[in-house]
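# What the coordinates show
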Number of protein chains: 2
Amino acid sequence: MTQPLRIGIAGLGTVGTGVVKIVRQKANLLAARAGRPIQIVAVSARSRNKDRGVSLGGYGWEDDPVALATREDVDVFVELMGGADGPAKAATEAALAAGKDVVTANKAMLAIHGQDLAERAETAGHVIRFEAAVAGGIPVVKALTEGLAGNEVTRVMGVMNGTCNYILTRMEEAGLPYEDVFEEARQLGYLEADPNLDVGGIDAGHKLALLAAIAYGTQVNFDAVELEGIQQISIEDIRTAANMGFRIKLLGVAQMTGRGLEQRMSPCLVPADSPLGQLQGGTNMVVLEGDAVGQIVLRGAGAGEGPTASAVMSDVIEIARGTRLTTFGQPAHGLEIARPARASAPAPYYLRMRLIDKPGAMAKVATVLGDAGISIDRMRQTRHDDTTAPVVIVTHKTARDALDSALRYLPGTGVVQGEAVAIRIEDV
Amino acid sequence: MTQPLRIGIAGLGTVGTGVVKIVRQKANLLAARAGRPIQIVAVSARSRNKDRGVSLGGYGWEDDPVALATREDVDVFVELMGGADGPAKAATEAALAAGKDVVTANKAMLAIHGQDLAERAETAGHVIRFEAAVAGGIPVVKALTEGLAGNEVTRVMGVMNGTCNYILTRMEEAGLPYEDVFEEARQLGYLEADPNLDVGGIDAGHKLALLAAIAYGTQVNFDAVELEGIQQISIEDIRTAANMGFRIKLLGVAQMTGRGLEQRMSPCLVPADSPLGQLQGGTNMVVLEGDAVGQIVLRGAGAGEGPTASAVMSDVIEIARGTRLTTFGQPAHGLEIARPARASAPAPYYLRMRLIDKPGAMAKVATVLGDAGISIDRMRQTRHDDTTAPVVIVTHKTARDALDSALRYLPGTGVVQGEAVAIRIEDV
């Protein structure tokens, strides 16, 4: 085991550059911990001449990531290009076929093609590790795959998109509407090229699907994640929630139920004084619940050069140490597809609507809710303009189906202006 | 790898019983995750006939743990007896000599004999894993050894004794003095047979020494941990701290400095709204800081049957999967002894004393502090009886030496009744 572990890095953006820095600056420390030197033999990126603030001297260069992935002198292919398909997938498949192990930060690729790639790795006798794909620097893939291996996992929750949490936090702190803070985030460079990946919950949904696969020993199934973004969250919702002791978070929840596997990524109200409620700004938090261990909360930076490179290096060192784990914690060929269950476990809901100010309006709304079997815990009328009154209702626990039924009947009452907003209140 | 992994369990207290339950109740899940069945072949405990609420049917029995540890049919010796020396150490040494891997929850044994045992394991080509020895169910040994392996660790902090945190939390909530809550904790069975292990900080100090060894690649050195228990914390301190926005925690801090390795376990003031400050009751929290990853916070149950058994099982499954890690994350024979450094990095301090009510008293105290180079940030006189006035001072950042010097001079002023209490305010 004193032969160096030779890695090839495809993608020299923020994370790739961070990995190069760690390997260059901490050679002795890494060798001591890994039991052998870690050596970069070659790299690949879109532009060879860009100044990345770190020397690439001594490394081979490949224009084509597939060529890098299949180089004779590469033991581990480190994929940091991103994108579910295209070069990242082609190079990963080529690496596995050529007998390489793979380390990747690519949540989209694994959320969509993870089962296929895991089977390819297993067939080839190689490993795919992806700590950096979920919640940046937080070692949550390791915690779930290894730390909780003796548990039936009962629930996985997480705030795993720092940009969304930044937007929601900033709206509350500055009292600004969604559109303004969205624009601010764009100018700060916090948003993906396609912002819907962030604010539509897709990026966080990818991460949730990966954790769910590990937690429940099922095939990763991103298509079954119920997705709802934060675009509909108004400053009014945030303020009203705060007044009632809640914060709104883009929260992922994966839970195996008698009806199948629930996976949802959606805005939720959580108690302001809970660990999730207290999470401010771009930080990530993952909550793992197991039948033996109870609740484990993990918190840290979900993105950025250092944290993500730290996660990549933990995988590289794991392979250097000789650890060989299956991709999702169990043999890939045995994994079944879980029946997707709609998130229908009863929960209290926050409902906001604008009532047209005429006699009997509230009675009509109450009747619709009552007919759907929904009982009201709290109700508050927040302000009042000439013709409409904003009304907030907190329900007792209600099934999602009952709620949806009520939401369908509300417009017919003729007393609700626009659409009612419904946000689940999560028991964290 | 389809041969079962055969384990022998010594010690059938809370944790041992929990491990037996998991192995019996989750055989299929464990086999799927570990890639092979986990099988208990034999057990050992003080009493064979005690009802433990779980069947031991089908397992061999050994009165002598050394006999268990050396059984031909045992692959992994699971040591859950406790105690730094005696049977636990004898059996662990015997197991390693007989070619077994060892999983243990024994923080005292490893904090004191860890270097020797790690060298024995290394020489024999076997592993010692001890996730359950630190912070119960929180997978912190794994997070630090593996998750942060690409980092220079800059600081490790932790609240790792649930009993102390329970006592401090309960004092604040119920407004009760230390002695009353201590007695309550004893009656609830929260205290070790020797309570000084808990309230004296020894148990938590053992855990800190183990984390420090991993973090800094040095020989575990419990003797170098500066220990201070919670016995001197009064309800007055807790109330005053709360009024200033702080909570008092028994906090462990390990930090490599230019002068050597600081390891201290002592009561500290932390901001009430920080993750550590918000930790209530028996829960544990560990904060890991690395140069790349930034700050990672881990929170969970620090003790109890399920959480601790969960940690033991994570180690057993790791070995079943074929993972072979060095005990402290680097080869044991290369580890050096860090120079112990006194915790002298400047910090603000909380000082509480009782001033004898005579003219010029405060001036004398201020002079002593000023002469030691200590400047005052805030001062408050909390109440007043006939002859003495309790005074609380928060200093600006000051070196511990300067503080100690001032504390030595205070009695000579003739205006301070009893001893002044000094508690460090930790920057978390």
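The structure displayed is predicted, hence computed values, not measured ones.

Another aspect to go through is the interface of chain B and chain A. Each partner contributes to the interface: chain B provides 46 residues, whereas chain A provides 46 residues. Looking at the side of chain B that touches chain A, the elements that each hand over two or more residues are α2 (27-34), α6 (140-147), β12 (294-301) and α12 (305-320) of chain B. Classifying every residue of the side of chain B that touches chain A by side-chain character gives 21 nonpolar, 16 polar and nine charged. Relative to β12(B), strand β12 (residues 294-301) of chain A runs antiparallel, the two being bridged by three bridges. Looking across to β12(B), one finds that A:Arg299 is bridged to B:Val297.

With an RMSD of 0.1 Å, the operation that places chain B on chain A is a rotation of 180° combined with a shift of 0.0 Å along the axis. Expressed as a symmetry operation, the mapping of one chain copy onto the other fits a two-fold axis. The overlap is high: 100% of the interface residues of chain B also sit at the interface in chain A, so the same surface is used on both sides.

Residues and elements named next belong to chain A. Read across the sheet, six strands follow the order β3-β2-β1-β4-β5-β6 without closing on themselves; strand pairing throughout is parallel. The two strands at the open ends of the sheet, each matched to only one other strand, are β3 (60-61) and β6 (128-129). Alignment of strand β2 (residues 38-44) against β3, held across two bridges, turns out to be parallel. Bridge pairing in β3 links Val43 to Trp61.

The residue A:Ala135 is not glycine, and still its phi comes out positive at about 60°. Its place among the elements puts A:Ala135 in the loop between β6 and α6 (140-147).

Bringing the packing of α6(A) against α6(B) into the picture now. Packing of α6(A) against α6(B) leaves a shortest axis separation of 10 Å and a crossing angle of 125°. By the angle class used here, α6(A) and α6(B) are oblique. Crossing angle aside, the handedness with which α6(A) passes α6(B) is right-handed. In this structure, α6(A) contributes A:Lys142, A:Ala143, A:Glu146 and A:Gly147 to the contact, and α6(B) contributes B:Lys142, B:Ala143, B:Glu146 and B:Gly147.

Before going further, it helps to spend a moment on the sheet that holds strand β5 (residues 101-104) of chain B. Residues and elements named next belong to chain B. Pairing in this open sheet of six strands is parallel, and the strands run β3-β2-β1-β4-β5-β6 from one edge to the other. Each edge of the open sheet carries a strand with a single partner, namely β3 (60-61) and β6 (128-129). In terms of strand pairing, strand β4 (residues 76-79) meets β5 through four bridges, oriented parallel. Bridge pairing links Phe77 to Val102 in β5. Along the sheet, helix α4 (residues 86-97) contacts β1 (5-10), β4 and β5; its crossing angle with β4, the most-contacted strand, is approximately 170°.

Attention now moves to the pairing of strand β13 (residues 349-356) of chain B. The side chains of a regular strand alternate between the sheet's two faces. Examined bridge by bridge, β13(B) and strand β16 (residues 416-425) of chain B share six bridges and lie antiparallel to one another. Note that in β16(B) the partner of B:Arg352 across the bridge is B:Val421.

Turning our attention to the domain arrangement of chain A. Accessible area lost upon the coming together of the parts is a frequently used measure of interface size. Residues and elements named next belong to chain A. Examined at the domain level, chain A breaks down into domain 1 (5-133), domain 2 (140-299) and domain 3 (349-425). Spacing between the C-alpha centres of domain 1 and domain 2 amounts to 28 Å. At the junction of the two partners, domain 1 supplies 10 residues and domain 2 supplies 11 residues. Taken together, the residues of the side of domain 1 that touches domain 2 sort by class into six nonpolar, two polar and two charged.

Residue and element names in this part refer to chain B. Extensive coverage of strand β10 (residues 260-271) is indicated by the burial of 10 of its 12 residues. Note that strand β9 (residues 246-257) and β10 share 12 bridges and pair antiparallel. Paired with Thr257 across the bridge in β10 is Gly260. In textbook terms, the turn of a hairpin is the stretch between consecutive antiparallel strands, and for β9 and β10 this stretch comprises two residues. Bridging between β10 and β16 involves two bridges; their strand directions are parallel. Within the sheet, the bridge partner assigned to Cys268 lies in β16 and is Arg424.

Procedures and definitions
Residues numbered from 1 in each chain as written. Chains lettered and ligands numbered in written order. Predicted model: local features only at pLDDT ≥ 70, side-chain atom pairs only at ≥ 80, totals over all residues. Contact = placed C-beta atoms within 7 Å. Helix = DSSP H or I, 4+ residues; strand = E, 2+ residues; numbered from the N terminus. Nonpolar A, V, L, I, M, F, W, Y, C, P; charged D, E, K, R; others polar. Pairing = 2+ DSSP bridges. Least-squares fit on C-alpha atoms with pLDDT ≥ 70 in both. Axes fitted to C-alpha atoms, helices over the stretch in contact; angles between N-to-C directions. Parallel < 35°, antiparallel > 145°, perpendicular 65-115°, else oblique. Left-handed = near helix turned anticlockwise from the far one by under 90°. Domains from an automatic or database assignment. Buried ≥ 20, exposed ≤ 12 C-beta atoms within 10 Å, placed from the backbone.

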